Every structure is written in C-alpha cells, then in structure tokens.
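Architecture and fold: a report
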Amino acid sequence: MSETSIQDILPLVQMPSRYLGSETNRIKKPWGKTQLHVALAFPDLYEIATSHFGIQILYGMLNARDDILAERVFAPAVDMEDQLRKNKLPLCSLESGTPLKNFDILGFSLLYELNYTNMVNMLDLAGIAFFAEQRSERDPFVIGGGPCTCNPEPVADFFDALVVGDGEAVILRMTDAWKDWHRSDRGNRNALLQRWSTIKGVYIPSFFDFSVDAGENQRLTPKHPSHRDIERAVVSDLNDEPFPSAPIIPFGRPVHDRLRMEIARGCTRGCRFCQAGMIYRPVRERNPEAILSSVGQLLKESGYEDLSLLSLSTGDYSCIAPLLKKIMDVGARDKMAVSLPSIRAGSLTPELMELIRRVRKTGFTIAPEAGSQRLRDVINKNITEADIVETVDNAFSLGWKLIKLYFMVGLPTETHADIEAIAALVKRLKAINKNQGRNGKINVSVATFVPKPHTPFQWEPQIRLETAQEKINWLKDNLKLSGVQVKWQDPRVSMIEGIWARGDRRLNKVLIDAWRSGCRFDGWTDFFDFERWMTVLEGSKINPKHFLDGYADTDQRLPWDHIKIGVDRSFLIEEKARAAVGKITTDCRTGSCSGCGVCDFESVKPVSFHDQEGLFSTEGPVPERQLTETGIKYVVYFKKMRSSRFLGHLEMVKIFIRSLRREGIPLKYSEGFHPMPKVSFGDTLPMGMQSEDERMQVTLTEPIDSDELALRLRRQMPDGLEITGCSPFVKNKVLERIDKQDYRVELKDGFFRQKDLDWFLGQQSVTIERKNKKGKRVVIDLKKTVSEIKRLDDRHLFMTLGTDNNLMVRPGHVIKTIFKLSEPQILTAIITKRKTNHV
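One structure accompanies this document, and this report is about it. If you're wondering where the values come from, they're calculated on a predicted model, not measured in any experiment.

In terms of regular secondary structure, the chain is built from 26 helices and 31 strands. For 839 residues, the compact-globule estimate of 2.2 N^0.38 gives 28 Å, and the chain sits close to it at 29 Å. The buried share among the 839 residues of the chain stands at 57%. Distance between charge centres in the chain, computed from 119 positive and 110 negative side chains, equals 5 Å.

What follows is the structure in structure tokens.
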C-alpha cells in the first residue's frame, strides 16, 4: 500500500478546505527555480490566520522577487494534528505541500501571547528543534515578528532572529543578507546572524547572555558591543511601500471575510493602557487618492462584496468623510457595502453621520473602557459621558439595532465606584433607547486589564484573579436587564496572558512544559485549561506573581528594556504620573507635540492629508448600471472533482459569486438593504463527494454570449471546479428534478464483498431511517431506492439511486448498510456523481 498523504486524511477532518492551498490569488512558484524558500507561519487556525493583513503584505513582497518563493502555513486544528501524528506526516506548507523543515526561513507572526503553545506545536510537527541553539545547518532559520516582539524574552530562545517594528522595512534586507551569506558563508549559521544583527529592527537573542540577579530579575548581557539595544524598524511613509494588489481569497469563513484596506498606521490618542497606540507611532496615513485607486483594483482582483477601512482609529483619518463618500459611490455601482470599524465617541460629524446612513448596519462598537469620567481621565481616553451618550443616541437613530460597549476592570486607581459607574452608564444608555421608542439592544463586553510593555502602565500590578472575578460577577448581577447582554473574558485567561506579556527568558522552558501537558489554542474558550497551566507553573518553581505584581520602582530594569520601540522611557514615566492625578494629554495629531520621542521630524514624522479634505468634492457619484426589469437567465454546467470535493456548498457558492464579480459579469441583485446576486444551484452535494454534472442558474442585467460567459468563468475557477458549458435558461428544462442518479464509488480502505451484495439482492426489504427537511425521522426502503448496484471489483462499485418517501438516499447510506463499512472507510471513499440522463 502506498504511503499516506495529506489528501488521504482530508476526508477525516472538519473543514478540510483549510488545508487545500488552492485559493484564488495564491502564488505557487516552481521550487527548483527559486533560490530562497520562505514559509510564513501563523500560529492559529486558518480562519484567523487568513484574516491577518501583515502576512498578505509580506507574502506579496517576497513573491514579487523572482528568486524568492514564499508559502503559508497555519496551525492545524486538533483533529488534523491527530491525523498528522497518527500517520507520521510532517506539517507542510499550503501551496506546494512541502515539509517546513525543507524551507530556508520559517517566519512566525506573533500577535497574541496565548498563541505561543501553537507555535511550539508547529515546530514539533515540522520536526524542527525548539531552541535555536539546538538547530543544525540543515534546519531552517526561525524568525518572528509582530507586536509580541515588544517583549520577546518569554520566547527568545526559540528564535534565531526577531523583527521589532514594521516588517516591510526589514524583510527584504534580511533576505538579501541571506543570499549573500548563502554564496559565501553557507554552513556557518552564526555568520548570517552577524549580518542580520546590523539591520535596524532585527534582534538576535543568542547575542545576549541571560542571568537572574539577586532580586530575581532578568539580566541580559550583550556579547557584541554593536548589538546592545534594538531599535524598532519604522516605515516612514506607507505610500512608499507595496500594498497587496491581489489578496488571497480564503475558503471557508474567515473572521474578516471582506476586502481590507489599511488607510493609516499608528495612533496618537495616547490611551495609557493601549500598547498598540504606543508601539505603532507616529500616525502615517495613506494618500486618499492612492486608497481610492487601490480599492478599485482590489475589487477587480478579489470579487469581494464588502470593504473594511483599517486603522487603529479609522474615524480620525483626516479625509475620512470625502474618502468614504467616494468609496461608497463606487460601491453603489458594484453592490459593495462599506463597513466601518468602531467610530470613536465624539468624532461623528454631521457629514460623517449622513454617510453612515448608507452603511450596512450590523453592530456599532464603542469602547468607553471605563464607566466614570475620573477613570477615563486616568487612562487618557479623552471622551466624556456626553460624547458616549450622543454617539449611542445617534447610532440608534441612524438605524443600528445593536450597540457593543467595551469596558475593562482592574485599571489603575479603580475603585468600586468606577465599577458602579459602568452599570449606571449602561442603564442610562438603555433608558435613552427605550424613551425614544426604539428596540435596539446593547451588548456589554468586559475584560480584565492586562498591563503591557512600553505603556505608561507597564509598571502597574495586574489585578488579582479573585478580585477580577468579583468585579465581573457584580456587573453580571447588576446588568440583568431586558435588551442588555453581558459578555466577559475569563479573567483566568487574562492572568495567563499577563504572565507572558511581562515575562522573561525563564518562561521559555515553561512553554515547552505547557505544550507537553497538552496546552493548545489557549486563546480559545473551548481549549483553555487553567488548571493545566497552574500545574505547569507550579512544577517550574516560578511564582507567577513575579510577573503580575508589577514594578514599584520606575528605575528598575525591565526584561524588555533593550527593545527600543521609540517612545522614551521618560515620557512613559511622565504619563504614569499624569495618570495618577487624572491629568489628560492631548492628541498630537490635532494638538501640540507631546514629546513622546518617536519622531525625529526628518525620516520619522506624522504623515497626514488634512490639506486634501476637499478631495473629490466637485465630482458626482458614479452612476449605477441600468437594470433590466426581469433579468436574463443562464445555466452554467460544471464539474466538482479532485480537491474541490472538500469545499462545502456555501464555500462553492461564494467562489462562483466572487468569480462572476471579478470578471465584471453584470449580475442582477435582489432588492432591499442587503442585495444578493440572483444565483441558484441544483442538488447540494455532501462534503467529500465529486460530481461530473452540476448546474448553476444565474440572472444577469445584460445579455452575454453563452460561450463567453463559460470562458470567463473558467479562468477564475480553483482546482477541481471545471466549467463544461453554458446555455440560456429554458423554463422547466434545466434544473428540473432528477428522479434517479448514477454513482461510482472507489474505496481507499475496506472491500466490497460479493457475499454482502448477494445478501442485499436476496432481501425483499432493507430499511434505514433518515431525517427529512423538517427533522422528522422517516423510514426508507433501500430496495426501493437502489435501482441498480454492481460490484466492479473489491474496491469499485456502481449504483443507481432513486427516492423513497420523497427522499433521495445517499451512496454512503447504501454502502454502510450493505457492506458494513466503518465511518472512516466511508469518509475516505471517493464517491462520484455521474453525468446521467435519468429524469
């Protein structure tokens, strides 16, 4: 028997499309024609990983080089991990299925501390040594980047190199250094690390000696005078950097299943709890004209129906109103909806409010963070209760049905009065909604504050677990109101996050112990196991309080002090002091410079486009296409074979719709606020079944030649979806019900025994139970539904199936009943729906 492959185990896992790697716009280069091979890894599930914008940027930059190949790999789900280990298969890249161990560089995106165990698991599945010092010249270099590198010490030993700051500013310099090293010093890993250490933003952990002083604090001693402090790499102007022109269109249901356009990077609002607001300074906006041009190109290349404008504070973009208006005008023509992330309370101008009336309304998010004005001043939130009330009132009046409010407990100086203020604010907002006769709902989300490095609160203690639970429980008890739902993050999760956020190198071995104990996907409620974590920490002899209790002395050296993100320590200390007395600091984007130290006002400075606020103001909206009243219908014929059999029905529908949009086919849409293209399909195939004869009906607003429609769709299809023809729709002749259907079954495991078939053929009745569309159990007689069945050999079977009680039986039901096959044997069988003339 041949060795097991990834394709063989796909039928045995949930959501197998996660592992296909054949998405639209993915890049697959010949391995042998490229010099440098890079695997871009994200330590979380496909649905999360494919929504990460940073990987898309790096993927495009690397693959734009002819001599570089970049492929992706994400954390396998638990069921896939089980199958990989059971079948002794290594973790491989998506595009080519190449084992990670064969790549030259393996780069992890580190966005969240509770993904660290997934990173360890991926290294183990790849057969790569955990620690950099254990790797040989045959192993890939393991690098990392992302916000967690602001304190890389808890995972420093795992990495040959870490990138601090904007990856675009560093990645190609690192690959150029690798190519120089490969030509001259290949085999000497340290020689490449020496080259990388000279690049701004690159940290080489092995170039420091680690020790613990008498106070149980980490001490790092640099081995090389030139590599003492690591300065953050900063992209000075986003407009000078490449932007993904053809984003990968994921299968399944990614958490952000829409076109994403980064309109700015950085935020200077100065919220003292917010790490992102400190480490991504200064604000750098994209040129509005470039944004608009990119949106048009990206829509053409993606076929997306929704656009999200990305920024830490989208409402603060200097040209947001005219830009949003122009994008909406373009979107009206192409039936694209623009979704806005949270709009900061107090930033809704009359013009922006009028534009928002046209936005598809799902949930509107506001983050007051604290209930009282006193505490909002402490954290420098810079919004008043009046701002919050006005924003919520406006949102409900503009048509939103759901308002989401985000709060934290455990903020510095918090008292019980501040917790009571959260409940009072929510009740006030509910009363406003009720008094206006509206039926809007309010969702209140509560999380425990986790002090993070490089913020004014980096020295503060994290609230005790028991205290956090008491505060959250009090809010739950006091917000049991009609129309109000309280959600909360488990404070035990926040406790573990806090340990890793401010930990040091002593945690590297603890991470391996946690992984060995079974920790995986710790950020997911279904997988997080607090008791397991506590057992691991107790066994390590490390007291979590050392990392949770903060630092009383601001002069004390911190584990991350050698990482220079640009904000001066003196600024953070001053902000900490201002917080203690509730003194606010204004936004330097609109006020005076706050002196944080990030800008040199030459290469690094704020980039904004306030002078272009009048942009597009004289241009009218793009006219919509004139629609025909009834539409013109066509039927598209296609096959669903090979890897496409692992696409679910809704995934396939989405692929067809977006393919039609990419080709600019004039689709007809339904009416209403959420118009949908008029497409329909015949029988829904079960996951894993192939078909030689499927049909889609599509309605257009303009006539098009049938052959041209087939040709244009054909060039957009992923592997296995093959367009075989197209014809004008003829009523009652195309999608009519088929009474009988032919199937061919090929077993990968098990046998079709003749004696089992003889038993079935000799019976007068063989019944099974199935549920109909209403969920009622119905008895089906297989002797009535199986019109013909022939055993071709031990592994191959042909059958013709009909209906009984108006239900069409599936081949899986038949072979399970007749041949007593197990569930895995049925799942791994290749069942093909044949082209048939039965009607």
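There's more to say after this.
The next thing to look at is helix α13 (residues 385–397). With 13 residues, α13 extends 18 Å from end C-alpha to end C-alpha; this agrees with the ideal 18 Å at 1.5 Å per step. Taken together, the buried positions of α13 are Ile-388, Val-389, Thr-391, Val-392, Asn-394, Ala-395 and Phe-396.

Another point: the pattern of salt bridges. This model, assessed by the stated rule, comprises 58 salt bridges. Put simply, Glu-95 and Arg-72 hold a salt bridge, and the shortest N to O gap is 2.6 Å. Taken together, the residues Glu-95 in the loop between α4 (78–86) and β3 (105–109) and Arg-72 in strand β2 (residues 68–74) connect sequence positions 23 residues apart. Neither residue differs from the other here; Glu-95 and Arg-72 are each classed as buried.

A word on the sheet that holds strand β13 (residues 306–310). Read from one edge to the other, the open sheet built from 3 strands follows the order β10-β13-β14, with strand pairing classed as parallel. Only two strands of the sheet have a single neighbouring strand rather than two, namely β10 (259–262) and β14 (337–339). The sheet shows a mean angle of 25° between the axes of neighbouring strands, taken without regard to direction. Set on the sheet, helix α9 (residues 288–302) makes contact with β10 and β13; between it and β10 the angle comes to about 160°.

The linkage connecting Arg-281 with the following residue, Pro-282, adopts the cis geometry, with an omega of -5°. Inspection of the secondary structure assignment puts Pro-282 in the loop between α8 (275–279) and β12 (284–285). Positive phi values are uncommon outside glycine, yet Lys-88 reaches one of about 55°. The backbone phi angle of His-454 is positive, close to 65°, even though this residue is not glycine. Within the secondary structure, His-454 sits in the loop between β17 (441–448) and α15 (465–478). Taking the relative accessible area as the measure of exposure, His-454 reaches 7% and is therefore buried.

This part is about the nonpolar core. In terms of nonpolar packing, the biggest core is built from 179 residues, with Leu-106, Phe-108, Phe-158, Trp-196, Ile-327 and Val-698 touching the most fellow members. By size, the runner-up hydrophobic cluster in this structure holds 30 residues, among which are Ile-366, Ile-403, Val-409 and Leu-475.

Now for the side chain of Arg-72. Here Arg-72 falls in the buried class, since its relative accessible area comes to 2%. At a separation of 2.6 Å, a polar atom in the side chain of Arg-72 contacts the side chain of Glu-95.

Another point: the environment of Thr-268. Structurally, the position occupied by Thr-268 is in the loop between β11 (264–265) and α8. C-alpha separation for the pair Thr-268 and Tyr-280, spaced 12 residues apart in sequence, amounts to 9.0 Å. Setting aside chain neighbours within four positions, we find Thr-268 in contact with Arg-281, Val-283, Asp-587, Cys-588 and Arg-589. Side-chain polar atoms of Thr-268 contact the side chain of Asp-587, separated by 2.5 Å.

This brings us to the packing of aromatic side chains. Scanning the entire structure with this criterion turns up 21 aromatic pairs. Centre to centre, the rings of Phe-53 and Phe-243 are 5.3 Å apart; their planes meet at 50°, and the pair counts as tilted. Remark: Phe-243 occurs in the loop between β9 (230–231) and β10 and Phe-53 occurs in helix α3 (residues 53–63); sequence separation between them is 190 residues. With respect to burial, Phe-53 and Phe-243 carry one shared label: buried. The rings of Phe-130, Phe-131, Phe-158 and Trp-515 are connected pair by pair, giving a single aromatic cluster.

Turning to the sheet that holds strand β6 (residues 202–203), a few remarks are in order. The 6 strands lie next to each other as β2-β1-β3-β4-β5-β6, forming an open sheet whose pairing is mixed. Of all the strands in the sheet, just β2 and β6 have a single pairing partner and so form its edges. In the packing of helix α6 (residues 171–184) onto the sheet, the strands contacted are β1 (36–42), β2, β3, β4 (141–145), β5 (161–163) and β6, and the crossing angle to β4 comes to about 165°. Here helix α7 (residues 189–197) sits on the sheet and contacts β3, β4, β5 and β6; the angle it forms with β4, its principal contact strand, is near 25°.

The subject of this paragraph is the packing of α15 against helix α16 (residues 491–501). In the contact formed by α15 and α16, the axes pass within 9 Å of each other and the chain directions differ by 145°. At the point where α15 passes α16, the crossing takes the right-handed sense. Each of Leu-465, Ala-468, Gln-469 and Ile-472 in α15 lies in contact with α16, whose residues at this interface are Pro-491, Arg-492 and Met-495. Among the residues making up the contact of α15 with α16, the classes are represented as 5 nonpolar, 1 polar and 1 charged.

As a further point, take α15. An ideal rise of 1.5 Å per residue puts 20 Å on 14 residues; α15 measures up with 20 Å between its terminal C-alpha atoms. Listing the buried residues of α15 in full gives Leu-465, Ala-468, Lys-471, Ile-472 and Leu-475. Projection of α15 onto a plane perpendicular to its axis shows the buried side chains occupying an angular sector of 130°, all on one side.

A few words now on the environment of Ile-780. Residue position: Ile-780 is located in strand β26 (residues 777–781). The buried category is assigned to Ile-780, whose relative accessible area is 0%. Between the C-alpha atoms of Ile-780 and Glu-133, which are 647 residues apart in sequence, the distance is 64 Å. When residues no more than four places from it in sequence are discounted, the contact partners of Ile-780 are Val-766, Thr-767, Ile-768, Arg-770, Thr-785, Asp-804 and Leu-807.

Inspection of the secondary structure puts Ser-643 in the loop between β20 (632–640) and α21 (649–662). Polar side-chain contacts of Ser-643 include one of 2.7 Å to the side chain of Asp-719. The residues touching Ser-643, leaving out its near neighbours within four places in the chain, are Leu-20, Ser-22 and Asp-719.

Empty space among the atoms becomes apparent when a probe as large as a water molecule is rolled across them. A full pass over the atoms with the stated rule returns 9 cavities of 30 Å³ or more. By volume, the largest cavity is sized at about 130 Å³. Contributing to the lining of the largest cavity are 13 residues, with Ile-249, Pro-250, Phe-251, Lys-654 and Ile-655 lying nearest its centre. Each residue belonging to the lining of the largest cavity can be placed in one class, and the counts come to 5 nonpolar, 3 polar and 5 charged.

Criteria and thresholds
Throughout, a residue's number is its position along its own chain's written sequence, starting from 1. With pLDDT at 70 or above as the cut-off, local features in this predicted model cover only qualifying residues; side-chain atom pairs require 80 or more to be listed or tallied, and sums for whole chains, interfaces and linings still use all residues. For side-chain calculations, the full set of non-hydrogen atoms in the structure is used, while hydrogens and water are omitted. In this description a helix means any DSSP run of H or I spanning at least four residues, a strand means any run of E spanning at least two, and both kinds are numbered starting from the N terminus. C-alpha atoms define the radius of gyration in this analysis, and the globule rule sets the expected value at 2.2 Å times the number of residues to the power 0.38. Whether a residue is buried, partly exposed or exposed follows from its accessible area with a 1.4 Å probe, protein chains only, as a fraction of its type maximum: under 20%, in between, or over 50%, in that order. Positive charges come from Lys and Arg, negative ones from Asp and Glu, while His and the chain ends are left out of the count. A charged residue contributes its charge at one atom only: NZ of Lys, CZ of Arg, CG of Asp or CD of Glu. Helix span is expected to be 1.5 Å times the residue number reduced by one. Salt bridge, as applied in this entry: a Lys or Arg side-chain nitrogen positioned within 4 Å of an Asp or Glu carboxyl oxygen. Think of it this way: DSSP has to see at least two bridges between two strands before they count as a pair. Angles shown run from 0 to 180 degrees and are taken between the N-to-C directions of axes, each axis being a line fitted to C-alpha atoms and, for helices, limited to the stretch in contact. In this description, contact between two residues means that some pair of their heavy atoms is separated by no more than 4.5 Å. Here the nonpolar core consists of buried residues drawn from Ala, Val, Leu, Ile, Met, Phe, Trp, Tyr and Cys, with membership extended through side-chain atoms lying within 4.5 Å. Side-chain atoms alone can form a polar contact between residues adjacent in sequence; in general such a contact is a pair of N or O atoms within 3.5 Å, and within protein one must be able to donate a hydrogen while the other accepts it. Here a Phe, Tyr or Trp ring, Trp counted by its six-membered ring, pairs with any other such ring whose centre lies within 6.5 Å, and the pair is stacked when the planes are under 30 degrees apart, edge-to-face when over 60, and tilted otherwise. Crossing handedness: left-handed means the near helix sits turned counterclockwise from the far one by under a right angle, and right-handed means the same turn made clockwise. Polarity classes work like this: nonpolar for Ala, Val, Leu, Ile, Met, Phe, Trp, Tyr, Cys and Pro, charged for Asp, Glu, Lys and Arg, and polar for all others, with Gly in that last group. Taken from the helix axis, the directions to the C-beta atoms give the arc we talk about. Any residue with an atom within 4 Å of a point lines the site, the site being either a cavity, points on a 1 Å grid over the protein atoms alone where a 1.4 Å probe fits but cannot get out, or a pocket, an open set with protein on both sides within 12 Å along at least 5 of 7 lines. Grid points are joined across faces, edges and corners, and a volume is the space filled by probe spheres set on the points.

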